[in-house]
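Architecture at a glance
Residues per chain, in single letters:
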Amino acid sequence: MEGGAYGAGKAGGAFDPQTFVRQPHTALRLVSWVFSIVVFGCIVNEGYTNHQDEKEEHCIFNHNHNACNYGITVGVLAFLSCLLYLALDVYFPQISSVKDRKKAVLSDIGVSGLWAFLWFVGFCFLANQWQVSKHEDNPLNEGADAARAAITFSFFSIFTWGSLTVLAFQRFRDISFQEEYNTLFPSSPPLLP
């Protein structure tokens, strides 16, 4: 992408789906999207159990509803965030203003870093609550595989979102200032005819 600014070519180029999907940040964002589906899907589907004599369902993570709520909330919001930034990645080459591109890349750095942190907190919280769960609360180990999957994919999500942060930072750092330079110093007429 020579002659571009903030990781994109000149504005107004045609959208190429093959090139878009082959970009590392697009692939990582799609993987993060799938991981978020796995985490909140596992918790929603098999994250709650109840005893035969009770009607109330309990979270399989040490009967701590906050653990299940945190996993579901972070998963759903990460899912939506991935969709939002995939749409921004599609629209990014159409942004003609260098300042707007800079804002988009900076927001990508901030949001990706935030999600890496939230997934780290989620992994630690879910793993801790799973570790201190009592066997007598769930003697048949109902939902144990789903709980382990939610913990595992929370762990993997730390690295995918961390990698997205690094890629966004590289995108920001590897800027071509040609567009800014051209606006500040428009080409002057040749000195000799």
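Residues numbered from 1 in each chain as written. Predicted model: local features only at pLDDT ≥ 70, side-chain atom pairs only at ≥ 80, totals over all residues. Heavy atoms only, no water.

**Brief notes about the UniProt feature "transmembrane region" (unreviewed entry) in the protein**
- With numbering matched to this structure, UniProt assigns "transmembrane region" (unreviewed entry) to residues 30-49, 69-88, 109-130 and 150-169.
- Annotation note: span residues 109-130, helix share 100%, strand share 0%, distance between end C-alpha atoms 31 Å. (UniProt positions renumbered as here; feature names shortened; annotations may be inferred. Helix = DSSP H or I, 4+ residues; strand = E, 2+ residues; numbered from the N terminus.)

**Description of the state of the cysteines**
- Tallied over the full model, the rule gives one disulfide.
- Two residues, Cys59 and Cys68, share a disulfide whose sulfurs are 1.9 Å apart. With the S-S bond torsion at 85°, the cross-link from Cys59 to Cys68 turns out right-handed. When sorted by exposure, Cys59 lands in the same class as Cys68, which is buried. (Disulfide = S-S within 2.5 Å. Buried < 20%, exposed > 50% of the residue type's maximum accessible area, 1.4 Å probe, protein only.)

**Brief notes about unusual backbone geometry**
- Of note in this structure, Asn62 is not a glycine but carries a positive phi near 60°.
- Its place among the elements puts Asn62 in the loop between β2 (58-59) and α3 (65-91).
- Overall, Asn62 belongs to the partly exposed group, its relative accessible area being 22%.
- Despite not being glycine, His63 shows a phi value in the positive range, around 55°.
- For His63, the position within the fold is in the loop between β2 and α3.

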